[in-house]
Amino acid sequence: MSTATTATTAGTPGTGIGGTGTASVRSWKNPIILSVVALVSLVVFALGAPGNSVTFRLSQSSDAIVLPSIVVSAPIVGWSCALAMLALAAIAVLLTRAAVRTPTWLIAVFALLFLVAFLTWVVGSARTPNVALYGLLAGSVTLAVPLIFGSLSGVLCERSGVVNIAIEGQLLFGAFAAAVAGSLSGSAFIGLLAAAVAGVLVSLVLAIFSIRYLVNQVIVGVVLNVLVSGLTGFLFSAVLSEDSQRWNSPPRLPVIRIPILADIPVIGPILFEQTIVGYLMYIAVAVVYVALYHSRWGLRTRAVGEHPKAADTLGVNVNRMRFMNVLLAGVVAGIGGAFFTLVAVSGFGRDMTAGQGYIALAALIFGRWNPIGAFFAALLFGFATNLSNVLSLLGTPVPDQFLRMLPYVVTVFAVAGLVGRSRAPGASGIPYIKG
């Protein structure tokens, strides 16, 4: 009896009991993708490398500390990065044959090499093979600000079990309210407060219909986005455009420079010469992460998002917890919307968010519903968007549409499992009915 049981167990693949567990560990998806990308990089970045040098400027002449520019040979960088990527792909193949998962560090190094090779190749192919790296990074952080607020809003909602498709509407209504309130009061800070209130109003409608009346959360989110777009568009045409000086001329938020930190080469001016919205972004990421994983509130939030029945059994009011977190998410997204009218430009425009809420939702998925992951995913989207703008000015042969497509391709890879399986909270999108 014992012998038969042992034989059966040993012959069951992937059980991890008496067997090798190879079936559950071995997956050829990552090695195949890395190998294909490495071969394409060899053809494009190495064999197709431009024959000139590329200059990356690290600072501008007005900085307190002026760093020397980096000048590299495009063929040397192309061949070095391509061969290194081929080596990493080979390591991934060998590890998979040994039933070992591809480590995260290997994928991260591979991605970094690809980015360096791509930048060198595309800048080297431009009419002016010279780019300001500090400007590229600064623009990336700036463009990522509303995406980070939007993705944090999504984290708060989905970790509670509510799908927030209405991020686009929250950002847009926040931008509208900030412009109107800032114009009427003459204070950008009043506009910032109004943006937070506007985000809460959109969240309130989302919470009432999806939590109280159990309406499909995706449908409610889409309807809210269309409603806010139509409402703000109508008011823009009927009110703001008629008297823009009174209704649509908000003051901009002042830039706050932190001494000493702002003098750090390259990153100092990027990170520490921000408006209050930028500093609130840093605070929001840190607070949401710490609260979500190191507080009683965070434990309850994750519980109602993963196992609401168990949380209810332990005395947690599931729907109240979800309701309050959705409203809190509205505050975060509303502040992100204020960026458009109080920082980026001084005035509201029809549908000026231009789908940034949907991009924030993609960043949320790419970041695996984690505040830190969503933060870096939003930075990636901001970097790709700014890169396309910069390269179009340099006159590269690569179409802008292709460059704008890159972050979405990365997101597809992430969701498909290139850097691990992206799994939403277990009860996300599922209404909870007590009893």
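The model shown is predicted, which means the values in this text are computed figures rather than measured ones.

A. Local environment of the overall build of the chain. Of the regular secondary structure elements, the chain holds 18 helices and 5 strands. Looking at the 435 residues of the chain, the share that counts as buried comes to 47%. Across the chain, the fraction of contacts at a sequence separation of at least 24, relative to all contacts at a separation of at least 6, is 74%. Summed over its atoms, the accessible surface of the chain is roughly 20,100 Å², and 70% of this surface lies on carbon and sulfur atoms.

B. Structural view of the confidence of the model for the chain. Residues of the chain with pLDDT of at least 70 account for 89%, and the chain-wide mean is 87. Low pLDDT (under 50) marks residues 1-25, which in the prediction has 15 contacts with non-local residues, meaning those over four places away or in another chain.

C. Representation of helix 8 (residues 188-212) in the model. Here helix 8 spans 35 Å end to end across 25 residues, near enough to the 36 Å set by a 1.5 Å rise per residue. Sitting at the amino-terminal end of helix 8 is Ser187, which places a side-chain oxygen 3.3 Å from the backbone nitrogen of Phe189. Leu214, located one to two residues past helix 8, shows a positive phi value of around 60°.

D. Structural view of empty space enclosed by the protein. Tallying each qualifying case throughout the model produces 1 cavity of 30 Å³ or more. Phe45, Ala49, Pro50, Ala74, Gly78, Ala117, Thr120 and Trp121 are the residues that line the largest cavity. The set of elements that each furnish at least two residues to the lining of the largest cavity consists of helix 4 (74-97) and helix 5 (104-124). Residue contributions to the lining of the largest cavity peak at 3 residues, all from helix 5. Here the residues of the lining of the largest cavity are counted per class, giving 6 nonpolar, 2 polar and no charged.

E. Up close: the packing of aromatic side chains. With the rule as written, the count across this model stands at 13 aromatic pairs. Counting every residue linked through ring pairs, the aromatic cluster contains Phe45, Phe114, Phe118 and Trp121. When the ring centre of Tyr213 is taken as origin, the NZ or CZ atom of Arg212, which lies over that ring, is 5.2 Å away.

F. Structural context of the sheet that holds strand 3 (residues 130-132). Strand order across the open sheet formed by 3 strands is 2-1-3, with mixed pairing between neighbours. The sheet terminates laterally at strand 2 (70-73) and strand 3, the two strands that pair on one side only. Sheet twist, expressed as the mean angle between neighbouring strand axes with direction ignored, is 20°. Contacts from helix 4 reach strand 1 (53-57) and strand 2, with the element oriented near 70° to strand 2.

G. Just the pattern of salt bridges, in detail. With the rule as written, the count across this model stands at 3 salt bridges. The salt bridge involving Arg257 is made with Asp263; its shortest N-O contact spans 2.4 Å. Taking the relative accessible area as the measure of exposure, Arg257 reaches 41% and is therefore partly exposed. Lys434 serves as the salt-bridge partner of Asp312, at 2.9 Å between the closest nitrogen and oxygen. One end of the pair, Asp312, is in helix 14 (residues 308-313); the other, Lys434, is in the segment after helix 18 (400-416), and 122 residues separate them in sequence. Under the relative-accessibility criterion, Asp312 is labelled buried at 15%. Shared partners join several salt bridges into a network, and the residues in it are Arg257, Asp263 and Glu273.

H. Region of the structure containing unusual backbone geometry. Despite not being glycine, Leu214 has its phi angle at roughly 60°, a positive value. Residue placement: Leu214 occurs in the loop between helix 8 and helix 9 (217-240). Even without being glycine, Val266 reaches a positive phi, approximately 70°. Along the chain, the position of Val266 falls in the loop between strand 4 (256-257) and helix 11 (267-272).

I. Region of interest: the side chain of Glu158. Here Glu158 shows up in helix 6 (residues 133-158). Look at Glu158: it is buried, it has no salt bridge, and the nearest opposite charge is Arg159 at 8.5 Å. With residues up to four places along the chain from it excluded, the contact list for Glu158 reads Val163, Asn164, Leu361, Leu364, Trp369, Pro425 and Ser428.

J. A look at a nonpolar patch on the surface. A cluster of nonpolar side chains, namely Trp28, Ile32, Val36 and Val40, defines an oily patch on the protein surface of about 360 Å² accessible area. Position of Trp28 relative to the elements: it lies in the loop between helix 2 (22-25) and helix 3 (29-47).

K. Focus on the packing of helix 6 against helix 16 (residues 356-366). Axis separation between helix 6 and helix 16 bottoms out at 8 Å; the angle between their running directions is 60°. Comparing the axis directions of helix 6 and helix 16 gives the class oblique. Judged by the sense of rotation from one axis to the other, the crossing of helix 6 with helix 16 is right-handed. Residues Leu143, Leu147, Gly150, Ser151, Gly154, Val155 and Glu158 of helix 6 form the contact with helix 16, whose own contacting residues are Gln356, Ile359, Ala360, Leu361, Ala363 and Leu364. In terms of residue class, the contact of helix 6 with helix 16 is built from 8 nonpolar, 4 polar and 1 charged.

L. Expanded view of the nonpolar core. If you look at the biggest cluster of nonpolar residues, it comprises 69 residues, and the most contacted ones within it are Ile148, Phe149, Leu152, Val277, Val326, Phe348 and Phe381. Within the residue set of this core, elements represented by two or more residues are helix 6, helix 7 (167-185), helix 8, helix 9, helix 12 (276-293), helix 15 (318-344), helix 16 and helix 17 (371-394). Looking at this core element by element, the count peaks at 11 residues for helix 7.

M. Quick peek at the packing of helix 8 against helix 15. Closest axis-to-axis distance for the helix 8/helix 15 pair is 6 Å, and the angle between their directions is 140°. Handedness of the crossing formed by helix 8 with helix 15: right-handed. Grouping the constituent residues of the contact of helix 8 with helix 15 by class yields 18 nonpolar, 6 polar and 1 charged.

N. Layout of the environment of Ile107. Topologically, Ile107 is positioned in helix 5. Overall, Ile107 belongs to the buried group, its relative accessible area being 11%. Expressed as a C-alpha distance, the spacing of Ile107 and Met85, which sit 22 residues apart in the sequence, is 9.8 Å.

Conventions and cut-offs
- Residues numbered from 1 in each chain as written.
- Predicted model: local features only at pLDDT ≥ 70, side-chain atom pairs only at ≥ 80, totals over all residues.
- Heavy atoms only, no water.
- Helix = DSSP H or I, 4+ residues; strand = E, 2+ residues; numbered from the N terminus.
- Buried < 20%, exposed > 50% of the residue type's maximum accessible area, 1.4 Å probe, protein only.
- Contact = heavy atoms within 4.5 Å.
- Areas by Shrake-Rupley, 256 points an atom, 1.4 Å probe, with all protein chains shown as cover.
- pLDDT = per-residue confidence, 0-100.
- Expected span 1.5 Å × (residues − 1).
- Polar contact = N/O pair within 3.5 Å; in protein donor to acceptor, adjacent residues only side chain to side chain.
- 1 Å grid on protein atoms, 1.4 Å probe; cavity = no way out; pocket = protein on both sides within 12 Å on 5 of 7 lines; lining within 4 Å.
- Points joined across faces, edges and corners; volume = space filled by probe spheres on them.
- Nonpolar A, V, L, I, M, F, W, Y, C, P; charged D, E, K, R; others polar.
- Phe/Tyr/Trp six-rings, centres within 6.5 Å; stacked < 30°, edge-to-face > 60°.
- Lys NZ or Arg CZ within 6 Å of the ring centre and 35° of its normal.
- Pairing = 2+ DSSP bridges.
- Axes fitted to C-alpha atoms, helices over the stretch in contact; angles between N-to-C directions.
- Salt bridge = Lys/Arg side-chain N within 4 Å of Asp/Glu carboxyl O.
- Lys, Arg positive; Asp, Glu negative; His and termini not counted.
- Patch = residues over 30% accessible without salt bridge, like charges linked within 9 Å, V, L, I, M, F, W, Y side chains within 5 Å.
- Parallel < 35°, antiparallel > 145°, perpendicular 65-115°, else oblique.
- Left-handed = near helix turned anticlockwise from the far one by under 90°.
- Core = buried A, V, L, I, M, F, W, Y, C linked by side-chain atoms within 4.5 Å.

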